[in-house]
Each structure stands twice: as C-alpha cells, then as structure tokens.
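Below are the chains, spelled out letter by letter.
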Amino acid sequence: MEQLLRTNNMADMAFAQALLQGEGIDWFEMDVNMSVLDGSIGILPRRLMVRSKDHARAARVLRDNGFEAEP
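First, a word on scope: everything that follows refers to the structure included in this document.

Cut-offs applied
- Residues numbered from 1 in each chain as written.
- Predicted model: local features only at pLDDT ≥ 70, side-chain atom pairs only at ≥ 80, totals over all residues.
- Heavy atoms only, no water.
- Helix = DSSP H or I, 4+ residues; strand = E, 2+ residues; numbered from the N terminus.
- Buried < 20%, exposed > 50% of the residue type's maximum accessible area, 1.4 Å probe, protein only.
- Polar contact = N/O pair within 3.5 Å; in protein donor to acceptor, adjacent residues only side chain to side chain.
- Pairing = 2+ DSSP bridges.
- Axes fitted to C-alpha atoms, helices over the stretch in contact; angles between N-to-C directions.
- Contact = heavy atoms within 4.5 Å.
- Core = buried A, V, L, I, M, F, W, Y, C linked by side-chain atoms within 4.5 Å.
- Arc of directions from axis to C-beta.

Moving on: unusual backbone geometry. In this structure, D31 takes a positive phi of about 70° despite not being glycine. Mapping D31 onto the fold places it in the loop between β2 (27–30) and β3 (46–50).

This is the structure:
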C-alpha cells in the first residue's frame, strides 16, 4: 500500500474517500485511533492508503478534484 493523502482535515478525508469509492478504488485509512493520543483535538494527521497498482489512478482522481495527492 502507498500513501495517497495525509491530512488532519476530516472533511477532506471523507470527500477523498467518497471520490475513490465512486471510482471503485479500495482505500484504507491509517492512524484513525491516534486521536486518543492527542486528546481528540485533531493535531495528528490521518493517512489515506491505496494499493500500489491503484496509486496513479487514485492520485489523478484526487488531483482532478482539487487535492494535492502524493506523487
């Protein structure tokens, strides 16, 4: 798996996930439970991961919708 997006903005994360789901690209959100360590104030970013074979297509989907996806 490769990192596609890293953000602490939960609205951006939800939108990115919806875009990927709409394209049929499987994703996995990492660091979800890290909020326990930061007191649920959202300072630790979450990572959106995709399969290596889907990374280029997923990055293109996010870029086409205004995100700065990992190269």
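Residue placement: L5 occurs in strand β1 (residues 2–7). In the structure, L5 is positioned 45 residues away from V50 in sequence and 9.4 Å away in space, judged by C-alpha atoms.

It is worth spelling out the environment of N9 at this point. One can find N9 in the loop between β1 and α1 (10–22). Of the residues examined, N9 reaches a relative accessible area of 33% and is grouped as partly exposed. Of the polar contacts made by the side chain of N9, one reaches the backbone nitrogen of A11; its length is 2.9 Å.

What follows covers the sheet that holds β2. Reading across the sheet, the three strands line up as β1-β3-β2 and stay open at both edges, with antiparallel pairing between neighbours. Because the sheet does not close on itself, it has two edges, and the strands there are β1 and β2. In this sheet, adjacent strand axes meet at a mean angle of 25° when their direction is disregarded. Packing of α1 onto the sheet brings it into contact with β1, β2 and β3, and relative to β3 it is tilted by some 10°. Running over the sheet, helix α2 (residues 55–64) touches β1 and β3 and is turned about 25° from β1.

Glancing now at the nonpolar core. Membership of the largest hydrophobic core comes to 14 residues, with the highest contact counts inside it found for L4, L20, L48 and L62. At the level of secondary structure, the elements contributing two or more residues to this core comprise β1, α1, β3 and α2. Ignoring any residue separated from it by four or fewer positions in sequence, one finds L20 in contact with L4, I25, W27, L48, V50 and A58.

For α2, the set of buried residues is H55, A58, A59, V61 and L62. For α2, the arc enclosing every buried residue in end-on projection is 160°, short of the 170-degree limit, so these residues lie on one face. Those residues of α2 that are exposed and aimed more than 90 degrees away from the buried face are A56 and D64. Tucked into the core, α2 has its buried residues touching β1, α1 and β3. Just downstream of α2, G66 is the residue with a positive phi angle, here 90°.

Limitation: the analysis is restricted to geometry and does not speak to function.
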